[in-house]
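So you can see what is in the structure, the chains are spelled out below.
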Amino acid sequence: MDLDVFVSVHRAEWDRLDALLRRRRRLSGTEADELVALYQRTATHLSLIQSSAPDPQLTGRLSQLVARARSVVTGTRRASWHDVTHFLGQSFPAAVYRARHWWVPTALVSTVIAILLGWWIGTHPEVQSSIAAPSQLRELTRPGGEYETYYSSHPAAAFAAQVWTNNAQAAAMCLVLGIFLGLPVLLILFENMLNLGVGFGLMSSAGRLDTFLGLVLPHGLLELTAVFVAAGTGLRLGWTLIDPGPRARRTALAEEGRAAIAMAIGLALVLFVSGAIEGFVTPSGLPTWARIGIGVLAELAFLAYVFVLGGRAAREGETGDVESAERSASVPTAA
């Protein structure tokens, strides 16, 4: 490509597009059609220059021109309450539902691992002694010990906020680090299951498993489900890098990445609920059956939300990705 000739041929079109973009008054119908046509042609010119005769100065000018034109053509879109209701009522539950083949097996395998770790620790005194000294273990597991006072050691509101922040960070790490082939996600999962297994094993060896379950289940059911959803989504994102399926790898990663970001927002809300339960219900004076009942109801409500509402939205074509109008436009590659 002779760049000088190309510029001399198309400069008038670029100048005309720039002039239309600078208009203060409202464009007429004819001018608006002209702006759209010039935007499309200029985008094509930019693509040709980038691939055939890259020139930093000209590329920068045309990139700015195309970006300005695109913002005018597509318009500035503001979030509305419709977006919020659409996200909560369709996008988020559908995204969780679509990822069920990843997070449900993740939940089952992780739970089995936590139970096996708890059984191993609870039945092997030598393993317990490697965790802490006998006096420290007694302090942890005795009535009124650290396992019990942990949930009431801070004001409920502050404790709930701290728990929510920590869990939201863990879920976000699972979602973000999934891009590294899912390996960091497995480490995060194992650490969580190890912590759960240690508590399970130590309290069961002290004959206080019922107390432990009464402290963990009210908030733990929903909290762990959110972590499993995040981990499963992160693993799916990592697998997409290996096997994008019929989609181009870049397209597949973009779609799954956007869905993962939306998932992080939705799971933050779910973890807010579990954090509130952990801060206000778990340390409360309610009977154990009532506290566990609240946790079970919260878990069943979330599962119904995902498999009923999300399943219906997914079958209607909802993917959890942003709407097509919000996605990056493909630049034409032919004149």
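Where an unreviewed UniProt entry is consulted, the protein chain appears under the name Stage II sporulation protein M, with the organism given as Streptomyces pluripotens.

With respect to the helices and strands, the residue D18 is situated in helix 1 (residues 3–21). When its relative accessible area of 19% is taken as the criterion, D18 is described as buried. Side-chain polar atoms of D18 contact the side chain of R22, separated by 2.8 Å. When residues no more than four places from it in sequence are discounted, the contact partners of D18 are L65 and R68.

Here we come to the packing of helix 1 against helix 3 (residues 56–74). At a minimum axis distance of 11 Å, the contact between helix 1 and helix 3 shows a crossing angle of 35°. At the point where helix 1 passes helix 3, the crossing takes the left-handed sense. Counting all contacts with helix 1, which are made through L3, V7, R11, W14, D15, L17, D18 and L21, the residues of helix 3 involved are L58, R61, L62, L65, R68, A69 and V72. Across the contact of helix 1 with helix 3, the residue classes break down as 10 nonpolar, no polar and five charged.

Of all the bends found along helix 1, the most pronounced is centred on H10 and spans about 50°. Regarding helix 1, the residues found buried are L3, F6, V7, H10, E13, W14, L17, D18, L20 and L21. Tucked into the core, helix 1 has its buried residues touching helix 2 (29–52) and helix 3.

A cluster of nonpolar residues, L181, L183, L186, W239 and I242, forms a patch on the protein surface that exposes about 500 Å² of accessible area. Mapped by element, the contributors of at least two residues to the nonpolar patch are helix 10 (183–205) and helix 11 (209–242). On the secondary structure map, L183 appears in helix 10.

The end-to-end C-alpha distance of helix 4 (residues 81–98) is 24 Å, a good match for the 26 Å that 18 residues give at a rise of 1.5 Å each. Of all the positions in helix 4, only D83, H86, F87, S91, F92, P93, A94, A95, V96 and Y97 are classed as buried. Along its buried surface, helix 4 packs onto helix 5 (100–122), helix 11, helix 12 (249–281) and helix 13 (288–315).

The biggest cluster of nonpolar side chains holds 35 residues, and the ones touching the most others in it are F92, V96, M263, L267 and F302. Breaking this core down by element, the ones donating at least two residues are helix 4, helix 5, helix 9 (156–177), helix 10, helix 11, helix 12 and helix 13. Ignoring any residue separated from it by four or fewer positions in sequence, one finds M263 in contact with F92, A95, V96, A99, L175, V229 and T233. Among the nonpolar cores identified, the runner-up in size contains 19 residues, and L38, L46, L48 and L58 belong to it.

Here the protein chain averages 84 in pLDDT, while 90% of its residues score no lower than 70. Counted against residues more than four places away or in other chains, residues 324–335, with its pLDDT under 50, gives 17 contacts.

Reading the values: rules and limits
- Residues numbered from 1 in each chain as written.
- Predicted model: local features only at pLDDT ≥ 70, side-chain atom pairs only at ≥ 80, totals over all residues.
- Heavy atoms only, no water.
- Helix = DSSP H or I, 4+ residues; strand = E, 2+ residues; numbered from the N terminus.
- Buried < 20%, exposed > 50% of the residue type's maximum accessible area, 1.4 Å probe, protein only.
- Polar contact = N/O pair within 3.5 Å; in protein donor to acceptor, adjacent residues only side chain to side chain.
- Contact = heavy atoms within 4.5 Å.
- Axes fitted to C-alpha atoms, helices over the stretch in contact; angles between N-to-C directions.
- Left-handed = near helix turned anticlockwise from the far one by under 90°.
- Nonpolar A, V, L, I, M, F, W, Y, C, P; charged D, E, K, R; others polar.
- Bend = angle between axes of the 7 residues up to and from the residue.
- Patch = residues over 30% accessible without salt bridge, like charges linked within 9 Å, V, L, I, M, F, W, Y side chains within 5 Å.
- Areas by Shrake-Rupley, 256 points an atom, 1.4 Å probe, with all protein chains shown as cover.
- Salt bridge = Lys/Arg side-chain N within 4 Å of Asp/Glu carboxyl O.
- Expected span 1.5 Å × (residues − 1).
- Core = buried A, V, L, I, M, F, W, Y, C linked by side-chain atoms within 4.5 Å.
- pLDDT = per-residue confidence, 0-100.

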